[in-house]
Every structure is written in structure tokens, then in C-alpha cells.
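Each chain, written out:
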Amino acid sequence: MLLGLLTAIAASVCYGTGSVLQAVGSRKSARRDAAAADRTQHGGPSLSSTAKAATTWEFLVGTVLDFVGFGLGALAARLLPLFLSQTVISANLVITAVLSVKLLGIRLSRAEWTSIGVVCSALVLLASAAGHEGSGHTAPATHWWLLAISLALMAGGTVAVRLLGARAAIVAGLLSGLGFGALGVGVRILNGIAPFDAGALLSDPALYAIGVAGIGGMYLHTVALQIGSVNGATAALVVGETVLPGAIGVLWLGDASRAGLAWMAVLGFVLAVGGAVAVAWYGSEGVAEEVGAAGTPTPASTPT
């Protein structure tokens, strides 16, 4: 349990730092693209502008940290119940918020700091109440369903970004979170890991679901960082990557809390998600101020 918690915390630090660095790179690119009017007809970033954001050094370093975080998070997903590992990893919201004050010049309101405190307190409750992780053994059809759902989520997110434009920040953040949640489930149920079997690994649809969800989730998260509040987009991602995989872990994969502490696990989970939603709500109110401070045009409308 301790090794799993330390691994999840390290993944959280990597993801949180990476998110802010990616936001710095994305907004640097967005300033150039705004001058060149590199936008879709709905006001959102074009595919080329998103690709340009990925070439800034800040974004590249952030991406490296994401890959390190992914490896650590994958290990944590196999060592801890999903409702604990995904929630601890999603606490990168705290890292993101604190670093965004320094690197993006964002001022956090008292309500946002309070919400962050709620998330941290909730994680203590979750860690105290978490029991054993499930085996992860599922029927082959489940692996195919995970791949199909991952494809549908990422395709739907891409279409939503094209249609909603500048209003798609929270939607893109949420769908990227669902993608990362699917990734966590895929890591847990992946065949051919212990013991290692290359044939079983390469023939498992869950492996390809991990790839689709990871790449698609990163793309949608990049878009969300380009057009909306970094804290709001990250908080929406937190909700997506915790609620669904946490429920799947309990209902289908055998994750459990300690005997007699189910109420504490439920309370901690609800508070963690509620705190993230609050940060998303208050963070979205500051989009215009943040974007203006970064030197980019204010979006046509504030994401909700």
C-alpha cells in the first residue's frame, strides 16, 4: 500500500508540473496564432495551431513529465484500488494550481484555495479507508468494449471541439479525463503483464485502448489548455479520470475499502470530486482575466 501511494503521489507531481508547462507552451503558441488568425470558423484552435503548441520547449518538457507520470500512474493502478490511485493522481490539480500562480501569473481566489484544501483533506480520508485492490481479471468482451468506448470518446471529443470552438474548454477537459480514466482501467485489466507474455499482451484489445485513450486524451487536454482556464480544464479532467474508473473498480474489478470504513471511502471520494468541480467552477470565472494577463485575446465566451 505504501509503495503504491508513493508512486501515485510521484505521478501526481509529474502530471501537475507537466500541465502547467504545457499551458505555458500552449499559450505562447496561441499568442502567435491569434495574430495569424489561425482559428476554426467557430473560434477554436485549428489542428495546425495545436500541433505548433506541441513544439515549444515548455510543452515538450511537460510532455516528458507526462510520460514519466504515465509510467508511475500505471504502476499505481496495479498496486492500489482504482478509486484511490486515480484520485491521488488527480490531485495534480493542487500542483497545477500552485505552480500556475508563479508561471502563469494567475491569482487564486479564496474559494479556489478552500476547494483545494477540501481535495487534500478528501485524499487523506480515501487513503485511510482504502483496502485491497481487485484482481483485474475480466471477460475478453470487456477488453473489446473498452477499446470501442475509448474510440468513441476521442472521436466525439474531436467533433465537439470543432463545433463548440472557444466554448469547448470544459468539455474537452472532461472528455480527456474520461480518456485517461479508460487508460487507468486498461492498465488494470491488461493481459500479459504478470507473468509477462508478449503474445497475450499484443493480442489484448486493452493495450490498444490504452494507446487511443492516452493519445486522444493528451490532444483534448492540449486543446482545453489553449482555450480555457488551466485550473478549470484540469479540474474537469480530474472529474473524468476519477468518477468512472473508481466506480468500475468497485463494481467490476473487486476494489474494496477496509472493513467498516466504506462510509469514509465514499465521503472522501465525494469530497474529492466535489472539490474538483468547485475549482472548475471558480476557475472558469477567471478565464478572461487569465487570458488577458497572458497577452492573448479573450475567448468569445466563457466556458461553462
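All values derive from a computational prediction rather than experimental measurement.

### Considerations on empty space enclosed by the protein
Argument step 1. Following the criterion strictly, the structure yields one cavity of 30 Å³ or more and no others.
Argument step 2. Space inside the largest cavity adds up to approximately 50 Å³.
Argument step 3. Taken together, T87, S90, V119, V238, T242, A272, V273 and A276 make up the full set of residues lining the largest cavity.
Argument step 4. For the lining of the largest cavity, the elements supplying multiple residues, two or more each, are helix 4 (82-90), helix 11 (230-251) and helix 12 (262-285).
Argument step 5. The element that contributes the greatest number of residues to the lining of the largest cavity is helix 12, accounting for three residues.
Argument step 6. Partitioning the lining of the largest cavity into residue classes produces five nonpolar, three polar and no charged.

### Points about the layout of surface pockets
Argument step 1. Estimated volume of the largest pocket: approximately 460 Å³.
Argument step 2. Lining the largest pocket are 25 residues, and of these Y15, D66, F70, F180 and L183 sit closest to its centre.
Argument step 3. For the lining of the largest pocket, the secondary-structure elements that each account for two or more residues are helix 1 (2-35), helix 3 (57-79), helix 4, helix 8 (169-189), helix 10 (205-227) and helix 11.
Argument step 4. Grouping the amino acids of the lining of the largest pocket by side-chain chemistry returns 13 nonpolar, 10 polar and two charged.
Argument step 5. Taken as a whole, the second largest pocket holds about 300 Å³ of empty space.

### Regarding the nonpolar core
Argument step 1. Counting residues in hydrophobic clusters, the biggest one holds 23 residues, and the most contacted among them are A8, F83, L84, V88 and L126.
Argument step 2. Every element with two or more residues in this core is listed here: helix 1, helix 4, helix 6 (110-129), helix 11 and helix 12.
Argument step 3. In terms of residue count, helix 12 provides more of this core than any other element does, five residues in total.
Argument step 4. Excluding residues that lie within four positions of it along the chain, V88 makes contacts with L5, A8, I9, S12 and L123.
Argument step 5. Among the nonpolar cores identified, the runner-up in size contains 19 residues, and L183, L190, I210 and A213 belong to it.

Rules used in this analysis
Residues numbered from 1 in each chain as written. Predicted model: local features only at pLDDT ≥ 70, side-chain atom pairs only at ≥ 80, totals over all residues. Heavy atoms only, no water. 1 Å grid on protein atoms, 1.4 Å probe; cavity = no way out; pocket = protein on both sides within 12 Å on 5 of 7 lines; lining within 4 Å. Points joined across faces, edges and corners; volume = space filled by probe spheres on them. Helix = DSSP H or I, 4+ residues; strand = E, 2+ residues; numbered from the N terminus. Nonpolar A, V, L, I, M, F, W, Y, C, P; charged D, E, K, R; others polar. Core = buried A, V, L, I, M, F, W, Y, C linked by side-chain atoms within 4.5 Å. Buried < 20%, exposed > 50% of the residue type's maximum accessible area, 1.4 Å probe, protein only. Contact = heavy atoms within 4.5 Å.

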